[in-house]
Amino acid sequence: MLLSFPGVALITGAASGIGRGIAIAFAKDGCRKIAICDFNAEGLDETRALVKDTAPDAEVLQVPVDLRKESDVEQMIETTVRTFGRLDYAVNSAGVEGDNLGSAESTSDVFDHVNSVNYRGCWLCSKYQIAQMRIQEPLPSHDGRPGNRGAIVNIASQLALVSRPEAAAYCASKAAVVSFTKSDAIDYSGDNIRINCVCPGLTRTPMLERQMDIYRTAIMRAPLKRPGTIQEIADVVLFLCSSRATFVQGAAYVVDGGYTII
Ligand SMILES: NC(=O)c1ccc[n+]([C@@H]2O[C@H](COP(=O)([O-])OP(=O)(O)OC[C@H]3O[C@@H](n4cnc5c(N)ncnc54)[C@H](O)[C@@H]3O)[C@@H](O)[C@H]2O)c1
């Protein structure tokens, strides 16, 4: 039987790159209630159009949100639940790159910016997503497998597991995502909520294009010798959200063409 998503999906960072691809992938795989969240309103319009091209009958809610602001994040969840009644699959993909300088050359402003989105912003999203999921009934799955109260997938990075030169704040912000994902998975297993993260390798998105000069050599170091596609990341994210993954908890799924094995 195919994957299917009878519940409500919410994706942050949905105006671009991996987040946008995940929104489209949910629509392709049968999800019909999709909240797309980002602070780039124009990008959200484009994502909405792409989701509707994929599944004209999908209901798409656009939520403008700056994840650095707790009140925005709280409202993002409130608006989604007011519109769709619940929240079943939450994917936290919003993220920013750093300034590609060593710690001694970089500034505390850059450190704060990277961490306020990648670590604190992701954690804030999880906080309010968990709070909603724990008060709702488990959603029966489409295939008779046990239902969950919800599934959260945080997007970390291969750079959570290995480091690269001149990206201390970025690498540490992603290591923090892996770490709090595991803690949350422990704390909310009893509520029947599954919480995992995905560690993408270099993936062809606007973020990678902006830094292609820095990453060209790294792409060739991975055994598969190419960047990943957005679809390849979305495939694993959707698996983790699906009823096929009911025993997967607190995992950091590496999807990196083998970059971290050598
Ligand atoms: N592309 C890669 O090679 C790669 C590799 C590993 C991990 N990642 C991670 O994957 C995630 C998605 O990256 P991408 O490549 O799709 O990047 P992207 O730049 O294409 O998309 C990131 C999105 O996050 C949004 N965003 C940034 N700050 C925000 C804020 N404060 N509030 C709301 N939205 C905000 C942006 O507007 C954008 O739409 C990020 O967390 C990134 O760190 C990417």
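Residues numbered from 1 in each chain as written. Predicted model: local features only at pLDDT ≥ 70, side-chain atom pairs only at ≥ 80, totals over all residues. Heavy atoms only, no water.

**Some words on the environment of leucine 3**
Thought 1: Secondary-structure assignment places leucine 3 in the segment before strand S1 (8-12).
Thought 2: When its relative accessible area of 23% is taken as the criterion, leucine 3 is described as partly exposed.
Thought 3: Look past the residues within four positions of leucine 3 in its chain and what remains in contact with it is Asp29, His142, Leu238, Phe239, Ser242 and Arg244. (Helix = DSSP H or I, 4+ residues; strand = E, 2+ residues; numbered from the N terminus. Buried < 20%, exposed > 50% of the residue type's maximum accessible area, 1.4 Å probe, protein only. Contact = heavy atoms within 4.5 Å.)

**Section: the packing of aromatic side chains**
Thought 1: This structure, assessed with the given rule, holds 5 aromatic pairs.
Thought 2: With a centroid separation of 5.7 Å and 20° between ring planes, the pair formed by phenylalanine 26 and tyrosine 89 is classed as stacked. Separated by 63 residues along the polypeptide, phenylalanine 26 in helix H1 (residues 17-28) and tyrosine 89 in strand S4 (residues 89-92) bring together distant segments of the chain.
Thought 3: Ring plane angle 50° and centroid distance 6.1 Å describe the contact between phenylalanine 239 and tyrosine 253, whose orientation is recorded as tilted. Remark: tyrosine 253 occurs in strand S7 (residues 252-255) and phenylalanine 239 occurs in helix H8 (residues 230-241); sequence separation between them is 14 residues.
Thought 4: The class of tyrosine 253 is partly exposed, set by a relative accessible area of 30%.
Thought 5: A network of ring pairs unites the aromatic residues Phe5, Phe26 and Tyr89 as a single cluster. (Phe/Tyr/Trp six-rings, centres within 6.5 Å; stacked < 30°, edge-to-face > 60°.)

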